[in-house]
Amino acid sequence: MIKIIVGTNRKNSVSKVIAELYQTILKEKGADSEILELENLPIDFIGTALYENNGKNDDYNLFHDKVKSGEKFVFIVPEYNGSFPGILKAFIDGMTYPNSFQNKKSALVGISSGIGGGGIALSHLTDIFHYLGMHVLALKPKLAKIEQNMSDNLLTNRLYLDLLQTQADMLLEF
């Protein structure tokens, strides 16, 4: 089962909309997937699940176990201040090193309100995943000016939709 990670804990995020679209694309291709929403992380996990507290927060452990059991991932990554959200980094830091991501495969999708499409955020995240031993798919769609390319919570940009379809095909073969 492919794990789709919504890379923000913001409520009602565009990232969640794109994650649901990606899940639909995978379903149409016959692939099972599960969306993991960082907004559902325990509010106190930074103090109760990381470092010396690793494994001690039962609610965080539910996320940890889902990640550890996954083999393929899609990360929907919004751009925050030129990089990705800190909550995503804290989430990654709470995983068991290096087993949680080592030798697993991922696809990254960047989202931004600006013109970069989250390219720098994807670069930062790629570096982290390479350090952790995760294989990152080369095609990384960058969905720039995302709000201008959506209508009624639907992605309307044909190129963006085609890129997501192509990336999903590549991930399934990866």
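About the thresholds
Here the residue index of a chain counts from 1 through its sequence in written order. Reporting of local features is limited, given that this is a predicted model, to residues whose pLDDT is at least 70; pairs of side-chain atoms are given and counted only at 80 or more, and all residues count toward the totals for whole chains, interfaces and linings. Only heavy atoms go into the side-chain values, all of them from the structure, while hydrogens and water stay out. Classification of ring pairs rests on two measures: the distance between centres of Phe, Tyr or Trp rings, Trp counted by its six-membered ring, which must be within 6.5 Å, and the angle between planes, read as stacked under 30 degrees, edge-to-face over 60 and tilted in between. Numbering of helices and strands starts at the N terminus; helices are DSSP runs of H or I of at least 4 residues and strands are runs of E of at least 2. Relative accessibility thresholds used throughout: buried, under 20% of the residue-type maximum; exposed, over 50%; partly exposed, between the two (1.4 Å probe, protein chains only). Residues belong to a common nonpolar core when they are buried Ala, Val, Leu, Ile, Met, Phe, Trp, Tyr or Cys residues joined through side-chain atoms within 4.5 Å. Within this document, salt bridges are pairs made up of a side-chain nitrogen of Lys or Arg and a carboxyl oxygen of Asp or Glu, the two lying within 4 Å of each other.

1. Regarding the packing of aromatic side chains
Applying the stated rule across the entire model yields nine aromatic pairs. Ring plane angle 85 degrees and centroid distance 6.2 Å describe the contact between phenylalanine 63 and phenylalanine 91, whose orientation is recorded as edge-to-face. Here phenylalanine 91 lies in helix 4 (residues 86-93) and phenylalanine 63 lies in helix 3 (residues 58-69), a separation of 28 residues in the sequence. Each of the two residues, phenylalanine 63 as well as phenylalanine 91, counts as buried. A centroid spacing of 5.9 Å and a plane angle of 65 degrees characterise the contact between phenylalanine 73 and phenylalanine 101, whose relative ring orientation is edge-to-face. On the criterion of sequence distance, the pair formed by phenylalanine 73 in strand 3 (residues 72-78) and phenylalanine 101 in the loop between helix 4 and strand 4 (105-111) is long-range, its members being 28 residues apart.

2. A short note on the nonpolar core
Residues Phe75, Leu88, Phe91, Phe101, Leu125 and Phe129 are the most contacted members of the largest nonpolar core, which totals 29 residues. Elements represented by at least two residues in this core include exactly helix 3, strand 3, helix 4 and helix 5 (119-131). With five residues, the top contributor of residues to this core is helix 4. Membership of the second largest hydrophobic core comes to 26 residues, among which are Val6, Leu26, Ala31 and Ile76.

3. Points about the pattern of salt bridges
This structure, assessed with the given rule, holds seven salt bridges. Between lysine 3 and glutamate 34 there is a salt bridge, and its shortest N-O distance comes to 2.7 Å. On the criterion of sequence distance, the pair formed by lysine 3 in strand 1 (residues 2-6) and glutamate 34 in strand 2 (residues 33-37) is long-range, its members being 31 residues apart. Using a relative accessible area of 6% as the deciding quantity, one classes lysine 3 as buried. When its relative accessible area of 18% is taken as the criterion, glutamate 34 is described as buried. A salt bridge links glutamate 37 to lysine 16, with the shortest nitrogen-to-oxygen separation between them at 3.3 Å. Taken together, the residues glutamate 37 in strand 2 and lysine 16 in helix 1 (residues 14-28) connect sequence positions 21 residues apart. According to the relative accessible area criterion, lysine 16 is partly exposed, its value standing at 24%.

Note that every value here comes from positions in space, so none of it alone points to a role or purpose.
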